[in-house]
Amino acid sequence: MATLWSKISAVLPPNEEQFPLQFSDKVESSVVEMLKRCRQQLYSDTTRSSRLLKAQIILDFSWEKLNTGTWRDVDKEWRRVYSYGCLFKVAALCREDPSADEVLQAVKTCDMGLLMGAAIMDDILQVIVRILQSEVRKSTKDEEESEHSQVKRIKIECPRVPVIKEELAVPRIKCPSLESFNTDYLLPLKPVILEGIIDHWPALNQHPWSIEYLRSVAGCRTVPVEVGSRYTDEEWSQTLLTVNEFIDRYILNKDGVKASGYLAQHQLFDQIPELKEDIRLPDYCCLGEGDEDDITVNAWFGPGGTVSPLHQDPQLNFLAQVVGSKYIRLYSPEDTDKLYPHQSQLLHNTSQVEVENPDSERFPEFAKAPYLECVLQPGEVLFIPVRHWHYVRSLELSFSVSFWWS
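Rules and cut-offs
- Throughout, residues of each chain are indexed from 1 in the direction in which the sequence is written.
- Local features in this predicted model are restricted to residues of pLDDT 70 or higher, and side-chain atom pairs are both shown and tallied only at a pLDDT of 80 or more, whereas totals for entire chains, interfaces and linings draw on every residue.
- Note that the side-chain values use all heavy atoms of the structure and ignore hydrogens as well as water.
- A helix here means a DSSP run of H or I that spans at least four residues, while a strand means a run of E at least two residues long, and both kinds are numbered starting from the N terminus.
- Computed over the protein atoms alone on a 1 Å grid, cavities are sets of points where a 1.4 Å probe fits but cannot get out and pockets are open sets with protein on both sides within 12 Å along at least five of seven lines; a residue lines them when it has an atom within 4 Å of a point.
- Grid points are joined across faces, edges and corners, and a volume is the space filled by probe spheres set on the points.
- In the scheme used here, Gly and all other residues not listed as nonpolar or charged are polar, with Ala, Val, Leu, Ile, Met, Phe, Trp, Tyr, Cys and Pro taken as nonpolar and Asp, Glu, Lys and Arg as charged.
- One fewer than the residue count of a helix, multiplied by 1.5 Å, yields its expected span.
- Classification of residues uses two cut-offs on accessible area relative to the type maximum, computed with a 1.4 Å probe and protein chains only: under 20% is buried, over 50% is exposed, and between them is partly exposed.
- Note on aromatic contacts: the rings of Phe and Tyr and the six-membered ring of Trp form a pair at centre separations within 6.5 Å, being stacked when their planes are under 30 degrees apart, edge-to-face when over 60 apart, and tilted otherwise.
- What makes two strands pair is DSSP finding at least two bridges between them.
- Interaxial angle, 0 to 180 degrees, is taken between N-to-C directions of lines fitted to C-alpha atoms, where a helix line uses only the stretch in contact.
- Should any heavy atoms of two residues lie within 4.5 Å, those residues are counted as being in contact.

On to unusual backbone geometry, then. In this model, Tyr340 sits at a positive phi of 50°, which is unusual for a non-glycine residue. Its place among the elements puts Tyr340 in the loop between strand S9 (326-331) and strand S10 (372-376). Even without being glycine, Arg387 reaches a positive phi, approximately 65°. Relative to the helices and strands, Arg387 resides in the loop between strand S11 (380-384) and strand S12 (389-394).

This model, assessed by the stated rule, comprises three cavities of 30 Å³ or more. Its volume calculated, the largest cavity comes out at about 60 Å³. As for the largest cavity, its lining consists of Cys38, Gln41, Leu42, Arg51, Lys54, Phe88 and Ala92. Residue contributions to the lining of the largest cavity peak at three residues, all from helix H2 (residues 29-42). Its residues assigned to classes, the lining of the largest cavity comprises four nonpolar, one polar and two charged. Space inside the second largest cavity adds up to approximately 50 Å³. Classifying every residue of the lining of the second largest cavity gives eight nonpolar, no polar and no charged.

With 17 residues, helix H5 (residues 100-116) extends 24 Å between its outermost C-alpha atoms, agreeing within 8% with the 24 Å of an ideal straight helix rising 1.5 Å per residue. The set of residues buried in H5 consists of Val103, Ala106, Val107, Thr109, Cys110, Asp111, Met112, Gly113, Leu115 and Met116.

Right, let's get into the packing of aromatic side chains. Here the distance between the centres and the angle between the planes together describe a pair of aromatic rings. Following the criterion strictly, the structure yields 25 aromatic pairs and no others. For the ring pair Tyr331 and Tyr371, a centre distance of 5.5 Å and an interplane angle of 50° mean the geometry is tilted. With Tyr331 in strand S9 and Tyr371 in the loop between S9 and S10, the pair connects residues that are 40 residues apart, well separated along the chain. Among the residues examined, Tyr331 registers a relative accessible area of 1% and is labelled buried. Overall, the relative accessible area of 23% leaves Tyr371 in the partly exposed class. Through a chain of ring-to-ring contacts, the aromatic side chains of Phe181, Tyr185, Tyr284, Phe318, Phe383 and Trp405 assemble into a single cluster.

To continue, consider the sheet that holds strand S2 (residues 192-195). The nine strands are arranged S1-S2-S11-S8-S13-S6-S5-S3-S4 in an open sheet whose pairing can be described as mixed. Strands at the two margins of the open sheet, each flanked by one partner only, are strand S1 (172-174) and strand S4 (237-242). In this sheet, adjacent strand axes meet at a mean angle of 30° when their direction is disregarded. Pairing of S2 with S11 involves four bridges; the strand directions are antiparallel. Counterpart to Val192 in the pairing with S11 is Phe383.

To continue, consider the environment of Gly196. Inspection of the secondary structure puts Gly196 in the loop between S2 and helix H8 (211-218). Distance in space between the C-alpha atoms of Gly196 and Ser99 is 47 Å, their sequence separation being 97 residues. Each residue touching Gly196, except ones within four places of it in the same chain, is listed here: Lys174, Cys175 and Gly379.

What follows is the structure in structure tokens.
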């Protein structure tokens, strides 16, 4: 059987001359020189510690650049440098016979490049992480089988499902034609629940998204996690965890952690293409102005009780529910003045009101704002028109997929 390194080296350029290292003058010549030394070591005999040291110098230097100023001001060249640092570190970790821990470290390094870096060499980190993942799966198969029965016994909380009054319910329609959806909902910007339009998704059929399945496909992958019940709280923060760590800590509550954790608004499907194969773009997105690449697909995975405060987005949104249920309330942008948006530029798209427990003294007009509401169940898709305010609370363990389009 081919060794791990032979599989990785097969996807690398065959020699130093064919390994690209072009950067603009934004990147200091000393950094380019260090990258060239890493490249040289990739194709020559040297010690593992020397390879790791040089890769770490690249990573540390570019990490400083990534964390100076705001993210939007970080030059893409430095994100590319960071990705090259990740590539060289992975090569150093996997060159000789790596331990299981070193393979996991290599997976994490690839993920850091995919999350923080920019694509290099035809997205080579994505290619390598797939090779590494198949290696990890081989070694974790036995552990999974022993855990399988234990997961079956997890007590799923019975959700406190709000009673939806008929006159406030978001309308529902089963598989409308493109034309009728466009005329009745898209053009007049009216919310609607679409039923029966994702029944064909593998995530609901061939590969139901259970905890076991998500562990098997993505368990060792590193993802950003929001810690705290809502992003407007002062103690809210973000951290990086593997999907396995996230499930253990915040879904199964193995560590007895009190805070809630939420894998929210993350482009997981670009990071892990195996999961992308389990979903499909809704046909109605073809009514938009852009092409497929302009549609942002985000994952929302967390325990019951996670809350997205009342906020609005600058794009149209299809929110598809795959696992569990969510209570959602919608307000028209015409009633923005009754919703008390935050004054700060950073949170101007978010209301100050706690929707299910409003402070009527501070926000007296809020009670006068009309709204629609629903409980979104697995297999249903909510159309949220552009700039419509929406509040979302998970009623139980939940996985949703949002499609933002124009």
